[in-house]
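# Topology and contacts: notes
Here is what each chain is made of, one letter per residue.
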Amino acid sequence: ESMCALWLNSRCSIFLARVALFAATLCFLLPNADAADKIARIGFVSPGSPTTYLQRVTAFWDRMRELGWVEGQNLAIEQRWAEGRMERLPVLMREVLANKPDVLVTSSTPGAVAAKNATSTVPIVNASMGDPIGTGLVPSLARPGGNLTGLSLEWGEGVAGKWLELLRETIPRLSAVAVVYQPDSPLNKVLVEELKNVAPALRIKLSFIGVREPEALEQAFKQARRTAQAVLIPGDLFVEHHYRQIIALAAKHQLPVMSGLRSFTNAGGLMSYGVDQIVQYRRAAELVDKILRGARPADLPIEQPTVLSLTVNLKTAKTLGLKIPESILLRADEVIR
């Protein structure tokens, strides 16, 4: 009997250990028990539109589902779109915050500023802001310290020079490039200074064309056609919202377009080299998940991009009569044929 009792105790101990291990695994994989007892609420305010931000926003919600957060089951979503009109952001933030979200998700520097101005208590995750320290949003990337965390688009030194090098490698006898940009963007101001510094060494003359209204784009491309062989668009909220109009004007004036945004190349631009926004938004979802599990945004470092991707549109190159060098095609992360 004692041997039988010992055997039963041993088997029971093994069974209980396995149950405990299974329960621990479930706790790790699924949202924590406290979160599962109630529906988590996410306020989502985008500076763009459902059309221009479709791929990246889809990537965000896909990653949320992978992490166990499903709308209608344990997640409620309140979503707003500014449609490229930054002046609408404060009102949209207030509307979403009225529903008492657990996390407020947005993107861009204007989105971060509007969110911070709207609340000092609700955790904020920003998927793609510019320079959060330079704009005064946080005192430190490593320890933001307040209610804002997320990802920065501050690419670091060298990106502006890379844009010009790629253009020079592609366009024979390139000597002049027009930079079309929104001059009020803090990130663009940094990039403009870097472009000014690197252009002389590459023997490229730059003309800077600031554009604030869509009505000014036609004149901007007429000017670019007179002064340059190619157009460089660093990538900001204004030009991103009007990227289809910009690509149509580039095609009309037969100007190659290099951009920091892949959406321009997908729509007919020649090349893009910059941050993969899909990766950024998936990572933002992971930060939201951590906060819903109990993490504080003050303790979550603001992340900077570590991987930049090169996209080339061969169809556009053919239309422009350009032959993309094999050296560039071999380095490209995506080639549109």
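### Examining the packing of aromatic side chains
Evaluation of the coordinates by the stated rule reveals 6 aromatic pairs. Ring geometry for F44 against W81: centres 6.2 Å apart, planes inclined by 55°, an arrangement best described as tilted. A residue pair is termed long-range when its members are at least 10 positions apart, and F44 in strand 1 (residues 40-46) and W81 in strand 2 (residues 75-81) qualify at 37 residues. In terms of burial, F44 and W81 fall into one category: buried. When the centroid spacing of 4.7 Å and the interplanar angle of 85° are considered together, the rings of F60 and W61 count as edge-to-face. Residue F60 shares its accessibility class with W61, and that shared class is buried. Clustering of aromatic rings is evident, with ring pairs tying together F44, F60, W61 and W81. For the cation-ring pair, R56 lies above Y53, with the distance from its terminal atom to the ring centre recorded as 4.3 Å. The side chain of K196 reaches across the aromatic face of F208, ending 5.6 Å from its centre.

### Points about the sheet that holds strand 2
If you trace the 5 strands from one edge of the open sheet to the other, you get 2-1-3-4-5, paired in parallel fashion. Only two strands of the sheet have a single neighbouring strand rather than two, namely strand 2 and strand 5 (148-152). Pairs of neighbouring strands in the sheet enclose a mean axial angle of 15°, with direction left out of account.

### Focus on the side chain of N188
By secondary structure assignment, the location of N188 is in helix 7 (residues 186-198). A polar side-chain atom of N188 sits 3.2 Å from the main-chain carbonyl oxygen of Q182. Contact partners of N188, with chain neighbours within four places excluded, come to Y181, Q182, P234, G235 and D236.

### What about the nonpolar core?
Core analysis: the largest hydrophobic core is formed by 34 residues, its most contacted members being W163, L164, L167, V177, L206, L232 and M271. Of all the secondary-structure elements, those providing two or more residues to this core are helix 6 (159-170), strand 6 (176-181), helix 7, strand 8 (230-233), strand 10 (271-275) and strand 11 (308-313). If one sorts the elements of this core by residue count, helix 6 sits on top with 6 residues. Apart from residues lying up to four places away in sequence, L232 is in contact with W163, L164, V177, A178, V179, V180, L195 and M258. With 26 residues, the next largest nonpolar core counts A40, F44, F60 and L287 among its residues.

### Topic: the environment of G269
Within the element layout of this structure, G269 appears in the loop between helix 11 (262-267) and strand 10. Sequence separation of G269 and Y243 is 26 residues, and the distance between their C-alpha atoms is 9.5 Å. Those residues in contact with G269 that sit more than four places away from it in its chain are I247, V257, F264, N313 and T316.

### Notes on the pattern of salt bridges
Using the criterion set out here, one finds 19 salt bridges in the structure. Put simply, R85 and E87 hold a salt bridge, and the shortest N to O gap is 3.2 Å. Within the structure, one salt-bridge network assembled from shared partners comprises R63, E66, R282, R283, E286 and E303.

### Things to note about the sheet that holds strand 8
As summarised here, the arrangement of the 7 strands in space is 7-6-8-9-10-11-12, forming an open sheet in which the pairing is mixed. Two strands bound the open sheet, and with one partner strand each, they are strand 7 (205-210) and strand 12 (334-336). Across the sheet, the axes of successive neighbouring strands diverge by a mean angle of 20°, strand direction being ignored. Here strand 10 pairs with strand 11 via 5 bridges, running antiparallel. Opposite Y273, over in strand 11, you have L310 as the bridge partner. Here helix 8 (residues 217-227) sits on the sheet and contacts strand 6, strand 7 and strand 8; the angle it forms with strand 7, its principal contact strand, is near 170°.

About the cut-offs
- Residues numbered from 1 in each chain as written.
- Predicted model: local features only at pLDDT ≥ 70, side-chain atom pairs only at ≥ 80, totals over all residues.
- Heavy atoms only, no water.
- Phe/Tyr/Trp six-rings, centres within 6.5 Å; stacked < 30°, edge-to-face > 60°.
- Helix = DSSP H or I, 4+ residues; strand = E, 2+ residues; numbered from the N terminus.
- Buried < 20%, exposed > 50% of the residue type's maximum accessible area, 1.4 Å probe, protein only.
- Lys NZ or Arg CZ within 6 Å of the ring centre and 35° of its normal.
- Pairing = 2+ DSSP bridges.
- Axes fitted to C-alpha atoms, helices over the stretch in contact; angles between N-to-C directions.
- Polar contact = N/O pair within 3.5 Å; in protein donor to acceptor, adjacent residues only side chain to side chain.
- Contact = heavy atoms within 4.5 Å.
- Core = buried A, V, L, I, M, F, W, Y, C linked by side-chain atoms within 4.5 Å.
- Salt bridge = Lys/Arg side-chain N within 4 Å of Asp/Glu carboxyl O.

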